[in-house]
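Residue-level structural notes
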Amino acid sequence: MKLHHLVLPVLLMPIFVAAITVTQPSIASTISVSSQPPKTKNIAQDTNSGNYHLSNGIKKFESGDFQGAIADYDRAISINPNTPMSYYYRAKAKSKVNDNQGAISDCDRAISLYPEYAQAYQTRGNAKSTLNDSQGAIADWQEAARLYIRQGDIAILNENINF
C-alpha cells in the first residue's frame, strides 16, 4: 500500500477571483473637463491577466481537462511568475497526468514564494509518495499538518486523514 493512500488529496480550494475594477481617470485639460465616465476594466475577464488564465485553468482541471489546465497555468505563470497559486494548481494538474517530478518542482516553487502553503506541502508529499520517497512524503505531510493546525484549518486536516 502506497503512503499517499493514508492521506487523501486536498480538494481544490475554491478561489474567489474578485471582479477587480481598475479605473483610468479621464485626462482633463486645463480648458475643458471630459464629461465621459471613467473607463473600467474587469481584470478577471482580461485575457492578458494571470488571474484570467488561473481561473480558466481551474475550470479545465475541474472538468478533467488536465493538459488544458496546465496550458492555462503556464500562461498565468508567464504573465506573473510570482503567484504561488499558479504553481500549486499546475502541480495538481501535473500529478493527474503522472508528471510527479514536475509536480514536485512546482510545489517547490510555490513553497519558495509562500512558505506557509500547507496544500503545496501536502501535494508535494503525495507526489513524493507516488515516486516511493516515503521519508520525503512523510516530512511534507507532517509540515502540512503543522501548518493546517497553526492556521486553524483543522477541518481541512481532518478531511485529509484516513485512519
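In what follows, the structure referred to is the one given above.
Before going into details, it helps to say that this report is about the structure given with it.

What counts as what
- Residues numbered from 1 in each chain as written.
- Predicted model: local features only at pLDDT ≥ 70, side-chain atom pairs only at ≥ 80, totals over all residues.
- Heavy atoms only, no water.
- Helix = DSSP H or I, 4+ residues; strand = E, 2+ residues; numbered from the N terminus.
- Expected span 1.5 Å × (residues − 1).
- Buried < 20%, exposed > 50% of the residue type's maximum accessible area, 1.4 Å probe, protein only.
- Contact = heavy atoms within 4.5 Å.

1. As for helix H1 (residues 50-62)
- The terminal C-alpha atoms of H1, which comprises 13 residues, lie 18 Å apart, in line with the 18 Å expected from a rise of 1.5 Å per residue.
- Of all the residues in H1, the buried ones are Gly50, His53, Leu54, Ser55, Asn56, Gly57, Ile58 and Phe61.
- Those residues of H1 that are buried lie in contact with helix H2 (66-79) and helix H3 (84-96).
- Just downstream of H1 lies Gly64, where phi reads positive at about 90 degrees.

2. Considering unusual backbone geometry
- Not every positive phi belongs to a glycine, and Asn98 is a case in point at roughly 65 degrees.
- Looking at where Asn98 falls in the secondary structure, it is placed in the loop between H3 and helix H4 (100-113).
- One non-glycine residue, Asn132, adopts positive backbone phi at about 65 degrees.
- As for its position among the elements, Asn132 is in the loop between helix H5 (118-130) and helix H6 (134-150).
- Judged by its relative accessible area of 59%, Asn132 falls in the exposed class.

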